[in-house]
Amino acid sequence: MSILEYNGGAVVAMVGKDCVGIASDLRFGIQAQTISGTQPKIYKIHDKCLIGLAGLATDNQTVFEKIRFRTNIYRLKEEREIRPKTLSNVLSMMLYEKRFGPYFVEPVIMGLDGPDEKPFISAMDLIGAPLLAEDFVLAGSSASEALYGVCESLYRPNLEADELFEVLGQCILSAVDRDAISGWGGVVHIMTKEGITSRYLKGRQD
């Protein structure tokens, strides 16, 4: 088992029409032993940017604290919020700095970028190699094979916000049902120009 799979977990982000969504499961475990069913893997940076962290839970917390510190410094210096694309570059550089002793974390960044609020998603591996996509990105080694298949089957361009929620919800629940160390329900966040809508999904508890 990879160290990235030690605590389980799955995160997926998807682009819609003038909206963007991110979803994760809620399980926190140590290999096959479940500790909690309420572990958040998605964190709010500001009203137009969310980040999902899959991988080793301790490194997830460490990386998020470092990101929060850097975004707070950026806000103080620039007197504005950091753009999702800028945050992706900052995080990529931060992970690459630690490439010889990396954080075992795979981030997914999503948000509405720039003055025109264009949907933006990116993912990266544990040494910060970025993946920019126009459809969907995902992280979480334990459920990634099932997630790729179901996302490719269900995704279609220009989804409205409600359709995007349905697709993301079906993707995350279908994928974690095929993975023993992810699951226990999920959470879906849909971001539009009006704000963020969060919904919790009830999943299998086994």
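Here we summarise the structure given alongside this text. Every chain is numbered on its own, with residues counted from 1 as its sequence reads. In keeping with the model being predicted, local features are shown solely for residues with a pLDDT of at least 70 and side-chain atom pairs are shown and tallied solely at 80 or more, while totals for entire chains, interfaces and linings include all residues. The basis for every side-chain value is the complete set of non-hydrogen atoms in the structure, without hydrogens or water.

1. Side note on the nonpolar core
Move 1: We define a nonpolar core as any set of buried Ala, Val, Leu, Ile, Met, Phe, Trp, Tyr and Cys residues linked to one another through side-chain atoms lying within 4.5 Å. Whether a residue is buried, partly exposed or exposed follows from its accessible area with a 1.4 Å probe, protein chains only, as a fraction of its type maximum: under 20%, in between, or over 50%, in that order. Formed by 23 residues in total, the largest nonpolar core has its most connected members in Val12, Met14, Leu147 and Leu168.
Move 2: Secondary structure elements are taken from DSSP: a helix is a run of H or I of four residues or more, a strand is a run of E of two residues or more, and numbering for both begins at the N terminus. Elements represented by at least two residues in this core include exactly strand S1 (11–15), strand S10 (136–139), helix H3 (144–154), helix H4 (161–176) and strand S11 (186–192).
Move 3: Tallying contributions element by element places H4 first for this core, with eight residues.
Move 4: Contact criterion: two residues are considered in contact whenever any of their non-hydrogen atoms come within 4.5 Å of each other. Contact partners of Val12, with chain neighbours within four places excluded, come to Gly21, Ile22, Ala23, Val137, Leu138, Leu147, Cys151, Leu168 and Ile172.

2. Some thoughts on the pairing of strand S4 (residues 33–36)
Every regular strand shows the same layout, with side chains that alternate between the two sheet faces.
Move 1: Two strands pair under a simple rule: DSSP has to find at least two bridges between them. One ladder, built from three bridges, connects strand S3 (residues 28–30) with S4; its direction is antiparallel. Bridge assignment links Gly29 to a residue of S4, and that residue is Thr34.
Move 2: If you look at the hairpin formed by S3 and S4, you'll find two residues sitting between the two strands, and Gln31 has a positive phi there, around 55 degrees.

3. Quick look at the environment of Arg204
Move 1: By the secondary structure assignment, Arg204 is in the segment after strand S12 (195–201).
Move 2: The spatial distance from the C-alpha of Arg204 to the C-alpha of Glu194 is 32 Å, given a sequence separation of 10 residues.
Move 3: When near neighbours in sequence (up to four residues on either side) are disregarded, Arg204 contacts Asp177, Trp184 and Gly185.

4. Description of empty space enclosed by the protein
Move 1: A 1.4 Å probe that fits but cannot get out identifies a cavity on a 1 Å grid over protein atoms alone, an open set with protein on both sides within 12 Å along at least five of seven lines counts as a pocket, and a residue lines either if it has an atom within 4 Å of a point. Grid points are joined across faces, edges and corners, and a volume is the space filled by probe spheres set on the points. Counting across every chain of the model gives one cavity of 30 Å³ or more.
Move 2: Taken as a whole, the largest cavity holds about 80 Å³ of empty space.
Move 3: If you trace the largest cavity, you find 14 residues lining it, with Gln39, Lys41, Gly55, Ala57 and Asn60 closest to the centre.
Move 4: Tallying contributions element by element places strand S6 (residues 49–55) first for the lining of the largest cavity, with three residues.
Move 5: Three residue categories are used. Nonpolar comprises Ala, Val, Leu, Ile, Met, Phe, Trp, Tyr, Cys and Pro, charged comprises Asp, Glu, Lys and Arg, and polar comprises the others, including Gly. Per-class residue counts for the lining of the largest cavity are six nonpolar, six polar and two charged.

5. Some thoughts on the layout of surface pockets
Move 1: In this structure, the largest pocket occupies an estimated 270 Å³ of space.
Move 2: Lining the largest pocket, in full, are Val15, Gly16, Lys85, Asp113, Lys118, Pro119, Phe120, Ile121, Leu132, Ala133 and Glu134.
Move 3: The biggest single contributor to the lining of the largest pocket is strand S8 (residues 118–124), with four residues.
Move 4: Looking at side-chain class alone, the lining of the largest pocket contains six nonpolar, one polar and four charged residues.
Move 5: Here the second largest pocket defines a volume of roughly 200 Å³.
Move 6: Forming the boundary of the second largest pocket are 15 residues, of which Pro40, Ile42, Val187, His189 and Tyr200 lie nearest the centre.

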